[in-house]
Amino acid sequence: MKHIRRKIVPLLGLAMLLTGCGEEKNSSVIPTSTSIPDSSIKASEEKKVSKIEVTKMPNKTEYEIDEKFDPTGMEVTATYDDNSTEKVENYTYDKTGELTVDDTEVTILYKGKTTKISITVKFVLKLSSINIEELPTKTTYVVGDHFDPTGMKVTAVYNDKSKKIITDYTYDKHEGLTLQDKMVTISYTFSGVTKTSFVPIMVVDLALEKIEVTTNPTKLNYLVGEKFDATGMVVSAVMNNGTKEVITDYSIDKEDKALTLEDTSITITYQDKSVILAIVVSEAQLTKIEITTNPTKTSYYVGETFDPTGMVVTATYEDDSTEVVNNYTYDKTEPLTLEDTLVTINFGGMTATLSITVEVKYDVKINALGSYRMEAENLDTSKAFLREDFIAAGRTFVENGAGASNGANICGYNPGSVFEISIYCEEATDLFVSAIMSDTDTNYALKDSMTFFMDDVSMVPSDVQFTYAGGTSYWEWKNVEFGTVSLAKGAHTFKITSIDHRPNLDCFDFEAIKYGDQEKEKVLTGIEITAAPTKTTYTVGETFDPTGMEITATYSDHHTEVITDYTIDKTEPLTISDEEVTISYQGFTATVKITVGKAYQLKLTSLGDHYFEAEDFDTSKFVAREDMAAMVQASGYTVSAADAHNGKSIERYDNGSVMSLEFYAVEDIKTDIILRASNYDEIDFNAMVEVKLDDTVLTTDNPSFGHRYNGDWYNWMDATIANQEISKGEHTLTISMISAHPNFDCLNFHVSKYATEEEVVTLDSISVEKNPTKMSYYVGETFDPTGMEVVANYSNGKKVAVSDYTIDKTGALTAEDKTITISYQNLTTTLNINVKEIDLVVNTANTYRLEAENLDKSNLTSDGTSMIENNGLSSNGASLGHVANGYFEIRIDVQEDYNLKVIGAFSKYESVALSNYVEFFMDNQAITFTDITLGRAEDGSNDWFNWKEVELDCGDLTSGNHVFKVNFKSGCNMDYLDFVFSSIVE
Ligand SMILES: [Ca+2]
Ligand SMILES: [Ca+2]
Ligand SMILES: [Ca+2]
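Residues numbered from 1 in each chain as written. Chains lettered and ligands numbered in written order. Predicted model: local features only at pLDDT ≥ 70, side-chain atom pairs only at ≥ 80, totals over all residues. Heavy atoms only, no water.

If you check an unreviewed UniProt entry, the chain appears there as Ig-like domain-containing protein from Treponema rectale.

Structure follows, in structure tokens:
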């Protein structure tokens, strides 16, 4: 740039001065040609450009991704304010880099005016790079060796970020390697684009690696005084490239020595290598050896090495004496193959043989009827790709998912991953295949997103609907069935390939339902309505017509069969209270819903509970919350919610929403109407939500709404309208969200009187519905029931609060008192309490540390997670976290008068003032203190456990008992409290 400017400034000096600095940036596009006539510059100074146009399109307007825009052939015409026009060359344009599919136009710029032309850029899959994911097995070579790519895993990465394992790469080093070769270049070409990568190798000179006795001498068994005889012995030199050569110019250490009983071996030496040969010298001649005890292990998988542990070899001599010998040798020292059936043991020139079995190891080996499970966490992941975020976090494929079989499962694999299960059938087998999976992505069809093959046979998974209730509920396991496949005796492979989804995989089950001549006992396991009857709507007095209905029976061998010899319960003329027809077959039943008369969303047909799910409400009078409109649009008002009836509830609506239910009471009834709802904040339900039966506004018992801990969205409460009398006929229940919009789970009509029939109610049990305020006591205190709610539980599901209960422990509590027994009528229940000794006895001026994790937590409420956090950054290796609210009380017995300071260590991820989270009391008097700010360390380390100390001046304590209290207004982490006692300064 500087170079150009220097060159043109002398020529354009005048023009530059006149046009000013603002134009200087254009200098870069002024052609560097020195032949621009002065006049043209002057002309354009005088006239102003009013517009520019592309009067001829460039030759090329269609591009492939990554090409650059080429203006060749383009004609740009400027129109001046005097209407004259001129073709111009020194325009610029915006798209100077590599084009992307988002580029649809190019803006042409000339003297402050712009115009646009359209271009098209199409996506073409191109190779971006290749990666050596795994090096070849062999990377060290001897001069003259040839490069061997076995074991190398090469992946191609494309411009759409996809990855693929490739095997059709090429490499450069095909000749014998030399000492100069340090790397091998791997190349791969895709659609004309070639990318390379490198494999480092090491090439060393040919050298002697070792020598070995390849054939033993004829004689290994000597009598005392004999000399070693090498006859028959063959010794070989083994080079570092694997070649072997017989050598004869070796030396032997005991060549001319008269052998003694101490001589158990001969050392053979060649150059700087030696090998030891075992011999046996005895007073009597060895006649045989025998394996008198087999080794512990005689069955092997291919690739394992023979293990003689436990084997006893006994030698017999000509004088019939025997001896257990240990310095035997054996031939099978390499990894075992299928051909290895015998191991030969050698001692003193005698041999004995041992039979072993070697087989291929299969993931699943079918040798009888029954079910065989392959845990997904044991799958071979060499053909799977770990998700980038998992790699970054240092995670692996295996996760300990809650509720997973064997406590673990596979997750975090990318599409394109392949898992294979090797199966061996010892007889021809019919296998029923199923799996357990989960996914937080609930909106796809598994059969379109993964493939499953048994050898070449595609196995289609059953339609599975994954569910996810939100939060950390990642593991909502579902059973997936693939049906039955017939396999011949021998080896098979079940192959799982991820196309575009990656459900968590827990396990795969292979159930042999037929094995050789044996078949699994076929027992009926259930019936199912596989096609509804044609007619399901009736008028009163008609009879049920099963035409069109299909009933399918399922058997224990997973076989299904359409059946016709079932029975039907409703054969008489239908009445208004008939809502379903029950089909029976050999002890199993299935029901078909029917409507008799007008269709109602709910009919009250009997005593007891009649639920209507909130998720079944007509949503036409719902008002979507503005901040959740997009979610409503995408997935409606229904969510999977913790502890909800039917697993679902509704939310995301705003004030003004109306829910109505048209129902039918078949008889005059008396019923409780129970609305199950939850609201994060406390609300006055009766004032904010209007419940109307027909035209009458109803009043509920107005329970307390609100959350139990942070993030607790579903603290379901029953708002009950008791003993409502409803006459036989049609009614409407209307719930209007006037000034609040709680989450809504279900409605329950608990009918206690139906026509003249009345519910028989018995008292079943009592229970503590709410614990007393005080759950933790010191020895000598008495139990205080304040705040405790005891309820009587009746057979109709009703709970009635009782206050005239009795308790067993009314005197001073002892350390042995762990429970309080509460009695009402003939029933009892127990409450666990904590009775403890004094927390701290102080008899010297000293510092006493109390670890937060060891304190009594019975007065604390957690946010739903365990409050003890083990970590290396805290005193005693642990600290307290996940506190929602509550308090610690520490009772101190001070035996003399002392001054007390307390140092407390707290932390919080966010930068906040400690005083917003905790307050401190000494003998119920608030302690004022200098506030501190919590928060994570500036360098981002130590995030959750960046402990900060607060100092509390508790003043002088007189001898006797005192209570120090830490009250959590909200949750923060706490590590320890140091109680610093010192003598009182007069
Ligand atoms: Ca598992
Ligand atoms: Ca529900
Ligand atoms: Ca601690």
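Student: Mind showing me how you'd approach the overall build of the chain here?
Tutor: A count of helices and strands for the chain gives six helices and 86 strands. For the chain, the C-alpha atoms occupy an extent of roughly 120 × 115 × 100 Å along the three principal directions. In the chain, buried positions account for 41% of the 986 residues. In the chain, of all internal contacts separated by at least 6 residues, the share reaching a separation of at least 24 is 66%. Only carbon and sulfur atoms are counted for the fraction: they give 47% of the accessible area of the chain, which is about 51,200 Å². (Helix = DSSP H or I, 4+ residues; strand = E, 2+ residues; numbered from the N terminus. Buried < 20%, exposed > 50% of the residue type's maximum accessible area, 1.4 Å probe, protein only. Contact = heavy atoms within 4.5 Å. Areas by Shrake-Rupley, 256 points an atom, 1.4 Å probe, with all protein chains shown as cover.)

Student: Looking at this structure, how should I read the pairing of strand β51 (residues 588–593)?
Tutor: For a regular strand, side-chain orientation follows a simple rule: the groups alternate between the two sheet faces. Relative to β51, strand β50 (residues 580–585) runs antiparallel, the two being bridged by six bridges. When the sheet's bridge partners are listed, S584 is paired in β51 with T589. Counted along the chain from β50 to the antiparallel partner β51, the turn is two residues long, and its residue Q586 has a positive phi close to 45 degrees. (Pairing = 2+ DSSP bridges.)

Student: I'm lost on the sheet that holds strand β47 (residues 550–555) in this one. Help?
Tutor: Strand pairs in the sheet, formed through backbone hydrogen bonds, run parallel or antiparallel to each other. Reading across the sheet, the three strands line up as β45-β47-β48 and stay open at both edges, with antiparallel pairing between neighbours. Either end of the sheet is taken by a strand with one partner, and the two such strands are β45 (524–531) and β48 (560–563). The average undirected angle you get between the axes of adjacent strands in this sheet is 30 degrees. (Axes fitted to C-alpha atoms, helices over the stretch in contact; angles between N-to-C directions.)

Student: Hey, could you run me through the coordination of the calcium ion (ligand 1) in this one?
Tutor: Coordination sphere of the calcium ion (ligand 1), protein contribution only: E375 (OE), E377 (OE), E377 (OE), S405 (O), A408 (O), D506 (O) and D506 (OD), at 2.2 to 2.9 Å. All donors to the calcium ion (ligand 1) come from one chain, and their sequence spacing reads E-x1-E-x27-S-x2-A-x97-D. In this pair, E375 sits in strand β34 (residues 370–375) while S405 sits in the loop between β35 (398–399) and β36 (409–410), placing the two residues 30 residues apart along the sequence. Here the two residues E375 and S405 agree in accessibility, since each one is buried. (Donors = N, O, S within 2.8 Å, 3.2 Å for Na, K, Ca; no water.)

Student: Quick question: what am I supposed to make of the coordination of the calcium ion (ligand 3) here?
Tutor: Reference geometry at the metal: tetrahedral coordination by four donors gives ideal angles of 109.5 degrees; octahedral coordination by six donors gives 90 or 180 degrees. The coordination sphere of the calcium ion (ligand 3), as far as protein atoms go, consists of E851 (OE), E853 (OE), E853 (OE), S875 (O), A878 (O), D975 (O) and D975 (OD), spread over 2.2 to 2.8 Å. Counting along the primary sequence, the residues that act as donors to the calcium ion (ligand 3) give the motif E-x1-E-x21-S-x2-A-x96-D. A residue pair is termed long-range when its members are at least 10 positions apart, and S875 in the loop between β76 (868–870) and β77 (878–880) and D975 in strand β86 (residues 973–982) qualify at 100 residues. Each member of the pair, S875 as well as D975, is classed as buried.

Student: So what exactly am I meant to see when it comes to empty space enclosed by the protein here?
Tutor: Remark: the empty space left among the atoms is shown by a probe the size of a water molecule rolled over them. By the definition in use, this model includes one cavity of 30 Å³ or more. Considered as a void within the structure, the largest cavity measures approximately 40 Å³ in volume. If you trace the largest cavity, you find it lined by L675, A677, F685, V689, I735, M737, P742, N743 and F744. Taken together, the elements giving at least two residues each to the lining of the largest cavity come down to β58 (669–678), β62 (729–737) and β63 (743–754). (1 Å grid on protein atoms, 1.4 Å probe; cavity = no way out; pocket = protein on both sides within 12 Å on 5 of 7 lines; lining within 4 Å. Points joined across faces, edges and corners; volume = space filled by probe spheres on them.)

Student: Can you help me understand the pattern of salt bridges in this one?
Tutor: Any two side chains of opposite charge can pair if their charged atoms end up close together. Inspection of the entire model under this criterion finds 46 salt bridges. Taking the shortest distance from any N to any O, the salt bridge between E290 and K288 comes out at 3.5 Å. We classify E290 as partly exposed; its relative accessible area is 33%. Of the charged contacts in the structure, one is a salt bridge between D839 and K836, with a shortest N-O distance of 3.8 Å. It is possible to trace a salt-bridge network through shared partners that takes in D94, K95 and D103. (Salt bridge = Lys/Arg side-chain N within 4 Å of Asp/Glu carboxyl O.)

Student: Is there a simple way to think about the UniProt feature "domain: Ig-like" (unreviewed entry) in the chain in this case?
Tutor: Per the UniProt entry, the sites bearing "domain: Ig-like" (unreviewed entry) are residues 58–121, 216–279, 293–358, 533–596 and 771–835 in this numbering. Helix makes up 0% of residues 58–121 and strand 45%, whereas the separation of the span's terminal C-alpha atoms amounts to 15 Å. Taken end to end, residues 216–279 comprises 0% helix and 42% strand; its first and last C-alpha atoms sit 10 Å apart. (UniProt positions renumbered as here; feature names shortened; annotations may be inferred.)

Student: Would you mind going over the confidence of the model for the chain with me for this structure?
Tutor: As a general rule, the predicted coordinates of low-pLDDT regions are not to be interpreted in detail. With 95% of its residues at a pLDDT of 70 or more, the chain has an overall mean of 90. Low pLDDT (under 50) marks residues 1–44, which in the prediction has 18 contacts with non-local residues, meaning those over four places away or in another chain. (pLDDT = per-residue confidence, 0-100.)

Student: How should the side chain of T497 be read in this particular structure?
Tutor: In this structure, T497 sits in strand β42 (residues 490–498). Other than its neighbours up to four places away in sequence, T497 contacts S417, V418, M450 and T451.

Student: Help me understand a nonpolar patch on the surface, please; the structure alone is not making it clear to me.
Tutor: On the surface, V302, L338 and V360 cluster together into a nonpolar patch covering about 220 Å² of accessible area. Here L338 lies in the loop between β29 (329–330) and β30 (342–347). (Patch = residues over 30% accessible without salt bridge, like charges linked within 9 Å, V, L, I, M, F, W, Y side chains within 5 Å.)

Student: Help me understand the packing of aromatic side chains, please; the structure alone is not making it clear to me.
Tutor: The geometry of two aromatic rings is summed up by the distance between their centres and the angle between their planes. This model, assessed by the stated rule, comprises 40 aromatic pairs. Considering the side-chain rings of F147 and Y171, the 5.0 Å spacing of their centres and the 70 degrees angle between planes classify their relative orientation as edge-to-face. Placement of F147 in the loop between β10 (140–142) and β11 (153–158) and of Y171 in strand β13 (residues 170–171) is noted, with a sequence separation of 24 residues between them. Accessibility assignment for this pair places F147 and Y171 in one class, buried. Ring plane angle 50 degrees and centroid distance 6.2 Å describe the contact between Y300 and F306, whose orientation is recorded as tilted. With respect to class, Y300 is no different from F306; both count as buried. (Phe/Tyr/Trp six-rings, centres within 6.5 Å; stacked < 30°, edge-to-face > 60°.)

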